[in-house]
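# Coordinates in review
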Amino acid sequence: MDVLAKFRALHVAWIRRFCQSSSSWTLFFKLFCLQFFGDDSSVVLADPAFYPYDLLPSFYSSVFRVWGLLGGHGAFPNLSFFKSGSVTSVDCLSVKLAYSCLCPLAVPHCVTKFRPLFGDLYWSSTWFQVHVMPFDRHVTDFSWLLAHGVVLTADRLRSSFRMSSVPPDCFCGASLETAGHLFFECLLAQSVLAWVQSLLTLAVPSAPSLCLRHVLFGFDIAESTVIPLVFSYLLNLAKHRMWLARNEFRFRNQLPSAVDVIAAIRSQASFVLKLWFPKCARRFFIKQWGASGVIASVFGDTVQFNF
Ligand SMILES: [Zn+2]
């Protein structure tokens, strides 16, 4: 997020309010414009570049500056601004829209962060897969954190937060617990991913071998067209369960077990998919969430799990 653009965008809410209401705060706005410029505020808003608005108190000055940056103009109250080169009515003006106009080239931090390691990724596909199962919020939130590279692994705690007292090693004995190690290279991860891979290959024989890219960012756009949605959810669930197992070791000294993690994934997926079933069209559920019988089959109004 571009903090400056966000801060500026918040000011435009006042322009819209000014055009749509005559509440008491507008009296001060008008008073200052008259006092400093000898013109009504509606006249100043029609051509902000003409007035030395920096003379005004800082809040009013900021409002005019943002309005000027948006190319604000027109006869009050039918003001307009520029959006992507076209004139748009102030009635449509929201903080979100102003942010997109003020910061059209904003690139999320994760895009630049992972580019040196993975090249240009398929972020729209990643975000879709992060939110693929709306009934499992914890899993979604954790996948979001992992795709942004902000999960608090020992490596991140020690390097980004300078917490040198955190033991750096993984429960498997590896010398540094990084996200790449914990969710892909670790023995636990390899066992869990091998189980997911066996189901995936059964459902889609042409499916790719799971690699670190799949674990962190999901399947790319071409892969997503042939791989049922349930595998994106299973991957997300696997990551979250591996993280919980890692925490059990960190905070309770209990060594993780791949058998327990897989059993937990199976149990949680079955529970959530049963709740999800009535929300989907039957054929869609069978194909995308049952993986045509590999994960689940449908008999009448009941779902039978096969994994
Ligand atoms: Zn490990």
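Right, let's walk through the structure included here. Everything quoted here is computed from the prediction, not taken from an experiment. (Residues numbered from 1 in each chain as written. Predicted model: local features only at pLDDT ≥ 70, side-chain atom pairs only at ≥ 80, totals over all residues.)

### Quick word on the overall build of the protein
Test applied: For helices the rule is a DSSP run of H or I covering at least 4 residues; for strands it is a run of E covering at least 2, with both sets numbered from the N terminus onward. The globule rule is 2.2 Å times the number of residues to the power 0.38, and the radius of gyration it is compared with is taken over C-alpha atoms. Working definition of burial: number of other C-beta atoms within 10 Å of the residue's own, with buried at 20 or more, exposed at 12 or fewer, and partly exposed in between, all C-beta atoms being placed from the backbone. We call two residues in contact when their backbone-placed C-beta atoms lie within 7 Å.
In terms of regular secondary structure, the protein is built from 16 helices and 5 strands. Over its C-alpha trace the protein gives a radius of gyration of 27 Å, far above what one expects of a compact globule, namely 19 Å for 307 residues. Overall, the C-alpha framework of the protein stretches about 80 × 55 × 35 Å when taken along its three principal axes. The buried share of the protein, reckoned over its 307 residues, is 31%. Excluding contacts between residues fewer than 6 apart, the proportion of contacts in the protein whose partners are at least 24 apart in sequence is 54%.

### Overview of the packing of helix 11 (residues 187-203) against helix 15 (residues 258-276)
Note the threshold: Axis lines are fitted through C-alpha atoms, for helices just across the contact stretch, and the angle between N-to-C directions can take any value from 0 to 180 degrees. Roughly parallel refers to an angle under 35 degrees, roughly antiparallel to one over 145, roughly perpendicular to one between 65 and 115, and oblique to any angle outside these ranges. Take the far helix as the reference: if the near one is turned anticlockwise from it by less than a right angle, the crossing is left-handed, and if turned clockwise, right-handed. Ten residues, namely Ala, Val, Leu, Ile, Met, Phe, Trp, Tyr, Cys and Pro, are considered nonpolar, four, namely Asp, Glu, Lys and Arg, are considered charged, and the remaining ones, Gly among them, are considered polar.
The interhelical angle for the contact between helix 11 and helix 15, taken along N-to-C directions, is 40°, at an axis separation of 9 Å. As summarised for this structure, helix 11 and helix 15 are arranged oblique, according to the angle between their axes. The element helix 11 and its partner helix 15 pack so that their crossing is right-handed. Residues L188, S191, V192 and W195 of helix 11 form the contact with helix 15, whose participating residues are A258, V261 and I262. The residue makeup of the contact of helix 11 with helix 15, split by class, is 6 nonpolar, 1 polar and no charged.

### Some remarks on the nonpolar core
For clarity, the cut-off: Any nonpolar core is a set of buried residues, restricted to Ala, Val, Leu, Ile, Met, Phe, Trp, Tyr and Cys, that join up through C-beta atoms within 7 Å.
In this structure, A189, V192, V196, L234, A238 and M242 are the most contacted members of the largest nonpolar core, which totals 50 residues. Elements supplying a minimum of two residues to this core: helix 8 (137-148), helix 10 (179-185), helix 11, helix 12 (212-217), helix 14 (229-252), helix 15 and helix 16 (282-289). The biggest single contributor to this core is helix 14, with 10 residues. Residues I15, F29, V44 and L56 belong to the second largest nonpolar core, which totals 23 residues.

### Digging into the sheet that holds strand 3 (residues 86-89)
Note the threshold: Here, any two strands with at least 2 DSSP bridges between them count as paired.
In space, the 3 strands of this open sheet follow the order 1-2-3, with antiparallel pairing throughout. Taken across any chain shown, the strands that pair with only one partner, and hence form the sheet edges, are strand 1 (73-75) and strand 3. Strand-to-strand twist of the sheet, defined as the mean angle between neighbouring strand axes without regard to direction, takes the value 30°. Where strand 1 lies against strand 2 (residues 78-83), 3 bridges are found, and the strand directions are antiparallel.

### Some details on the pairing of strand 4 (residues 296-299)
As paired strands, strand 4 and strand 5 (residues 302-305) are joined by 4 bridges and run antiparallel to one another. The residue bridging A296 from the neighbouring strand is F305, located in strand 5.

### Describing helix 5 (residues 95-102)
Side chains three or four residues apart in an α-helix point the same way, a direct result of the helix having 3.6 residues per turn. Cut-off, in case you're wondering: The directions considered for the arc run from the helix axis to the C-beta atoms.
Inspection of helix 5 places A98, Y99 and C101 among the buried residues, and these make up the whole buried set. All buried residues of helix 5 project into a common sector of 165° when viewed along the axis, lining one side.

### Remarks on the packing of helix 8 against helix 14
Viewed as axis vectors pointing N to C, helix 8 and helix 14 meet at an angle of 85°, and their least axial separation amounts to 9 Å. In terms of orientation, helix 8 and helix 14 fall into the roughly perpendicular class. Here H138, V139, F142, S143 and L146 of helix 8 come into contact with helix 14, specifically with N236, L237, K239, H240 and W243. Taken together, the residues of the contact of helix 8 with helix 14 break down into 5 nonpolar, 4 polar and 1 charged.

### Observations concerning unusual backbone geometry
With a phi angle near 55°, R162 is a residue other than glycine that sits in the positive phi range. Position of R162 among the secondary structure elements: in the loop between helix 9 (154-159) and helix 10. Classification of R162 by C-beta neighbours within 10 Å gives exposed; the count is 9. Although it is not a glycine, A291 sits at a positive phi angle of roughly 50°.

### With respect to the environment of S209
Structurally, S209 can be placed in the loop between helix 11 and helix 12. S209 sits in the exposed class, given 9 other C-beta atoms within 10 Å. Along the backbone, S209 and S198 are 11 residues apart, and their C-alpha atoms lie at a distance of 9.9 Å.

### Notes on helix 2 (residues 25-37)
The cut-off we apply is this: Under the convention used throughout, the expected extent of a helix is 1.5 Å for every residue step, that is, one less than its residue count.
Between its first and last C-alpha, helix 2 extends 19 Å over 13 residues, near the 18 Å set by a 1.5 Å rise per residue. G38 sits one or two residues past helix 2 and shows a positive phi near 75°.

### A look at the environment of K274
Looking at where K274 falls in the secondary structure, it is placed in helix 15. For K274, a count of 13 C-beta atoms within 10 Å gives the class partly exposed. A sequence separation of 31 residues divides K274 from F305, and the C-alpha atoms of the two residues are 9.5 Å apart.

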